[in-house]
Amino acid sequence: MTEKEFIPHPYLKTIQSKGYSWSSPSNIALIKYWGKRPVQIPENPSISFTLDACKTNTSLTLSEKTAKNDLHSFDIFFENEQKDNFKPKIESFFKRIHEYVPYIGDYHFTINTSNTFPHSSGIASSASGMSALAMCLMSFERELNPDMTDEFFMKKASFLARLGSGSASRSIEGELVVWGEHQAIPGSSDLFGIKYPHEVHEVFKSYHDTILLVDKGEKQVSSTMGHQLMHNHPFADKRFDQAYTHVSDLISILKNGDLQGFIELVESEALTLHAMMLTSRPYFVLMKPNTLEIINRIWEFRKETGLHLCFTLDAGSNVHLLYPEHQSTQVYEFIKRDLVAFCQNGHYICDRIGFGAKQLPI
Ligand code: DP6
C-alpha cells in the first residue's frame, strides 16, 4: 500500500457531534526501532510484544465548527485536568495527519486521556497515547465512510499512530506486531504495523513482562532526539543490517519455541540500542548503576537455575523482565527477593503479552 491509499474519498455523511473512547496498550520492542527518515519511516523493521496492563484510555468528543477551515481546534485534558502543555504535540500530530483525515479541520475536539501506569514512571506513553487517539479518529472516520473494511480500519489506525510516534504503530493489535518492510514477512510495511503472520510457539503466547522502575525521572534524551543521532552515526548502516538479520533469526526462534535463542537475541538488541547511544555524538549513558546491577543478577540467576528469564531495555534505565508463564512462580519469587531493592521506591509493574486496542463505552 502507498500513502495515497490512506487519503479518503469525499465522505458520504456528515455528523454534528459524537464521541468515541478507546483503550490502547503500550508495547515492548524485541527488535528495536532506532533511526528514522522523514516522515516517520523506520530505518529497519522492528518487532514487539503488545502489552496488556500498561494502557492509555482516551475519549474524543467532537462537535462541528461553525466556520470550517483548516485550523485545528481542540482542548486536551489529562486525568480531567486541562493540559495546554500537551497541545503542541497534538497540534503537530494533527498537522501531519491532516491530509489523511481532512475532516479534522471541520470539528472542535475534546480529548480526555489517562494512563493506567503512573505518569512519572519513566514509561513512555507515546505508543499507547498516540494509538488510542488514532483509534478514536478511525471510529469517527468509519461513521463517515461506513463501507470501510476492518482490515483497512486497523491499517489506517496504525498508519496514523505511526505519524504520531513510530512505536505507536505497533500498539493497535496483539500479540506480536511487525513494523517495517522485511522480505520474510509478507504484508510488512514501513507505513504501518501488522500482526506477526508466522507460526508462534505456545510458550511465547503467554509471556510476562515485569517492568522494574529504576528511575522515574524525565529521560535525559527523548526518543525523537535519539533517532536523529543515528544520522551520521559511524555504526548506523551495520546496525540497520543487523536488525534486519535479527528479524529473520527471530522467525525461527518464535516458531520453534527456542527460549535460549530468544534470550540471546533480545538481550543483544537491548544492549545494541544502548551501544548506539554510547557511541553517538553527543553520547549518552541512559542506564543507571541499578540497571547494571539488575542485569548482572539476572545473568547469575540464569546460571544458577537454568530458567529462561531475560531482560530488554527501552531508551531509559528501566528494565523489562521477560519470562515464560510456566516459570513465572520461581521468577517472581526472585524478583521480589533480589531485584525489587534496585527499583526506585521498590516500584515495579507486572504486565504480560496483550491483544491490542479495545473500544470502551463513551
Ligand atoms: C527505544 O516510537 O518513541 O522504544 O517515533 O520519535 O516517537 P518516535 O520514537 P519512539 O521510539 C521508540 C524507541 C524504542 C525502541 C522501539 O520501541 O522500537
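Note that the structure is predicted; figures quoted are calculated from it, not measured. (Residues numbered from 1 in each chain as written. Predicted model: local features only at pLDDT ≥ 70, side-chain atom pairs only at ≥ 80, totals over all residues. Heavy atoms only, no water.)

Brief notes about the pairing of strand β12 (residues 319–323)
Then, number 1: Counted residue by residue, β12 has five buried out of five residues, so it is predominantly covered.
Then, number 2: As defined by bridge partners, strand β10 (residues 208–212) adjoins β12 across five bridges and the pair is classed as antiparallel. The residue of β12 that forms the bridge with His 208 is Tyr 323.
Then, number 3: As judged from the four bridges shared by strand β11 (residues 310–313) and β12, these two strands associate in the antiparallel manner. When the sheet's bridge partners are listed, Leu 313 is paired in β12 with Val 319. (Buried < 20%, exposed > 50% of the residue type's maximum accessible area, 1.4 Å probe, protein only. Helix = DSSP H or I, 4+ residues; strand = E, 2+ residues; numbered from the N terminus. Pairing = 2+ DSSP bridges.)

What about helix α3 (residues 150–164)?
Then, number 1: Here α3 spans 21 Å end to end across 15 residues, near enough to the 21 Å set by a 1.5 Å rise per residue.
Then, number 2: When you tally the buried positions in α3, you get 11 out of 15 residues, the bulk of the element.
Then, number 3: Looking at the packing, one finds that the buried side of α3 touches β1 (17–31), β3 (41–42), α1 (87–97), α2 (126–144), β8 (176–179) and β9 (193–195). (Expected span 1.5 Å × (residues − 1). Contact = heavy atoms within 4.5 Å.)

Topic: the sheet that holds β12
Then, number 1: Across the sheet, four strands lie side by side as β11-β12-β10-β13; this open sheet has antiparallel pairing. Sheet topology places β11 and β13 (348–352) at the edges, where each strand pairs with a single neighbour. With direction set aside, neighbouring strand axes in the sheet form an average angle of 25 degrees.
Then, number 2: Against the sheet, helix α7 (residues 289–305) makes contact with β10, β11 and β12, and its axis sits at roughly 155 degrees relative to β11, the strand it touches most.
Then, number 3: Against the sheet, helix α8 (residues 328–339) engages β10, β12 and β13, with an angle of about 155 degrees to β12. (Axes fitted to C-alpha atoms, helices over the stretch in contact; angles between N-to-C directions.)

Topic: the site of the ligand
Then, number 1: Around the ligand, a shell composed of 17 residues is seen, among which Tyr 33, Lys 36, Ser 165, Gly 166 and Ser 167 lie nearest.
Then, number 2: At 3.3 Å, a side-chain N or O of Ser 223 approaches an oxygen atom of the ligand.
Then, number 3: If the ligand stood free it would expose 460 Å²; the protein chains cover 91% of that surface.
Then, number 4: When residues in the shell around the ligand are grouped by element, the largest group, three residues, is from helix α4 (residues 223–228).
Then, number 5: Its residues assigned to classes, the shell around the ligand comprises five nonpolar, eight polar and four charged.
Then, number 6: Taken domain by domain, the makeup of the shell around the ligand includes at least three residues from each of domain 1 (3–198) and domain 2 (202–352). (Near = heavy atom within 4 Å. Polar contact = N/O pair within 3.5 Å; in protein donor to acceptor, adjacent residues only side chain to side chain. Areas by Shrake-Rupley, 256 points an atom, 1.4 Å probe, with all protein chains shown as cover. Nonpolar A, V, L, I, M, F, W, Y, C, P; charged D, E, K, R; others polar. Domains from an automatic or database assignment.)

Overview of the layout of surface pockets
Then, number 1: Within this model, the second largest pocket holds a volume of roughly 190 Å³.
Then, number 2: Along the walls of the second largest pocket sit Lys 4, Glu 5, Phe 6, Ile 7, Pro 8, His 9, Leu 12, Glu 141, Asn 145, Asp 147, Met 148 and Phe 152, which together make up its complete lining.
Then, number 3: When the residues that make up the lining of the second largest pocket are grouped by side-chain class, the tally is six nonpolar, two polar and four charged. (1 Å grid on protein atoms, 1.4 Å probe; cavity = no way out; pocket = protein on both sides within 12 Å on 5 of 7 lines; lining within 4 Å. Points joined across faces, edges and corners; volume = space filled by probe spheres on them.)

Structural notes on the domain arrangement of the protein chain
Then, number 1: According to the domain assignment, the protein chain consists of domain 1 (3–198) and domain 2 (202–352).
Then, number 2: Each of domain 1 and domain 2 was reduced to a C-alpha centroid, and the two centroids are 26 Å apart.
Then, number 3: Across the boundary between the two partners, domain 1 contributes 35 residues, which contact 45 residues of domain 2.
Then, number 4: Of the roughly 3200 Å² buried at the junction of domain 1 and domain 2 (both faces included), carbon and sulfur atoms supply 70%.
Then, number 5: For the interface between domain 1 and domain 2, the tally reads zero salt bridges.
Then, number 6: Across the domain 1-domain 2 interface, the total number found is 13 residue pairs in polar contact (both at pLDDT 80 or more).
Then, number 7: Those elements that provide at least two residues to the side of domain 1 that touches domain 2 are β1 and β4 (46–64). (Buried area = accessible area lost by both parts, 1.4 Å probe. Salt bridge = Lys/Arg side-chain N within 4 Å of Asp/Glu carboxyl O.)

Points about the side chain of Gln 40
Then, number 1: Checked against the element boundaries, Gln 40 lands in the loop between β2 (36–37) and β3.
Then, number 2: With residues up to four places along the chain from it excluded, the contact list for Gln 40 reads Tyr 33, Arg 96, Arg 162, Leu 163, Gly 164, Ser 165, Gly 166, Trp 179 and Asp 190.

Focus: the environment of Ile 263
Then, number 1: With respect to the helices, strands and loops of the structure, Ile 263 is situated in helix α6 (residues 259–278).
Then, number 2: Given a relative accessible area of 1%, Ile 263 falls into the buried group.
Then, number 3: Note: C-alpha distance between Ile 263 and Met 148 (115 residues apart in sequence) is 41 Å.
Then, number 4: Ignoring any residue separated from it by four or fewer positions in sequence, one finds Ile 263 in contact with Arg 302, His 308, Leu 309 and Cys 310.

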